[in-house]
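Chain and residue survey
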Amino acid sequence: MKRIMLLVITLLFATAGHAKFIKAVLFMEDGSTKKGLAEMVESDDSKVYFKNDEEAKKEKIESVNVKKIEYEDGESKKYIAERLYTTTANLLTGKFSRSKKKHWFYIVYDKNVKIGGIASEGVSRPNAGGTGNVVTIANTAYFFGKKNSEELVFGYATTASNGFAIGTDSLIRKMSREAFSDCPKLIDAISKEDFKSGSVMDQLKTIFEKINCK
């Protein structure tokens with residue numbers, strides 16, 4: 001399962017700085033589809049780079065016109081990227097807020113509940129006073145929500161180095177109450193779960209498989 005938890009990180013970091021076109025199907029907001037080749041998108045990409053075939057000229061397609069992308073690499077592995085809103089809680093006030101625009105997620109689970117991941121590459125930059133560096137650790141943030149919802153709620157994050165979840169128990173329980181407000185039995189099951197580092201995805205999937213809230 002660690003492989004699945006690190007899927008988004010591996011996927012995005014492997015392509016960072018080495019953009020290439022791979023086989024893809026674009027599902028447009030108007031209901032049409034475009035089959036050809038596309039570069040893998042990152043969370044805040046405003047455009048999708050697409051070609052009908054290897055010899056065709058590269059097109060820039062506005063992300064707002066694309067609902068979902070299905071990628072297939074040379075080993076016939078499939079990845080799905082989908083544009084959805086994010087809902088997060090303010091660290092100080094605890095108040096929930098939805099993003100003003102949609103972001104690209106890579107979907108790692110999609111049944112009655114959907115789980116999507118957004119990878120963030122670690123950086124090192126000078127602090128405001130120039131006296132030292134601020135280091136951000138590479139991580140993947142996982143969001144979940146009802147299958148047909150246009151938004152996913154932040155659930156937890158894992159570090160790139162070891163895949164361990166960060167501050168999971170209380171946060172997942174809080175966020176699940178927001179994501180599944182109309183499904184008390186799912187909220188109850190999550191509240192009773194003892195989430196352990198490295199197995200959060202397994203535990204969530206087991207709960208989602210057992211409890212079906214429509």
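Nothing here was measured: the structure is a model prediction, and the numbers come from that model. (Residues numbered from 1 in each chain as written. Predicted model: local features only at pLDDT ≥ 70, side-chain atom pairs only at ≥ 80, totals over all residues. Heavy atoms only, no water.)

1. Some details on the overall build of the protein
The number of helices and strands found in the protein is five helices and 14 strands. Considering the protein as a whole, with its 214 residues, one finds that 42% of them fall into the buried category. Here the analysis covers contacts within the protein between residues at least 6 apart in sequence; of these, 49% occur between residues at least 24 apart. Element-wise, carbon and sulfur atoms account for 50% of the exposed surface of the protein, whose accessible area totals about 11,800 Å². (Helix = DSSP H or I, 4+ residues; strand = E, 2+ residues; numbered from the N terminus. Buried < 20%, exposed > 50% of the residue type's maximum accessible area, 1.4 Å probe, protein only. Contact = heavy atoms within 4.5 Å. Areas by Shrake-Rupley, 256 points an atom, 1.4 Å probe, with all protein chains shown as cover.)

2. Some thoughts on helix α3 (residues 169–179)
What α3 keeps buried is the set Ile172, Met175, Ser176 and Ala179. Each buried residue of α3 lies within a common arc of 110 degrees when the element is viewed along its axis, so the set occupies one face. Of the surrounding secondary structure, the elements contacted by the buried residues of α3 are β6 (78–89), β7 (96–98), β12 (139–146), β13 (151–159), α4 (184–192) and α5 (200–210). (Arc of directions from axis to C-beta.)

3. Some remarks on α4
Every α-helix carries 3.6 residues per turn, so stepping three or four residues along brings you back to the same face. Considered for burial, the residues of α4 that qualify are Leu186, Ile187 and Ile190. Angular distribution of buried residues about the axis of α4 spans 100 degrees; they occupy a single face of the element. Pointing more than 90 degrees away from the buried face of α4 are the exposed residues Pro184, Lys185 and Lys192. Buried residues along α4 sit in contact with β9 (113–120), α3 and α5.

4. Things to note about the pattern of salt bridges
Taken as a whole and assessed by the stated rule, the structure comprises eleven salt bridges. Note that Glu70 and Lys68 form a salt bridge whose closest N and O atoms lie 3.8 Å from each other. The partner of Glu150 in a salt bridge is Lys102, and the shortest N-O contact between them spans 2.9 Å. Here Glu150 is found in the loop between β12 and β13, whereas its partner Lys102 is found in the loop between β7 and β8 (103–110), with 48 residues between them in sequence. (Salt bridge = Lys/Arg side-chain N within 4 Å of Asp/Glu carboxyl O.)

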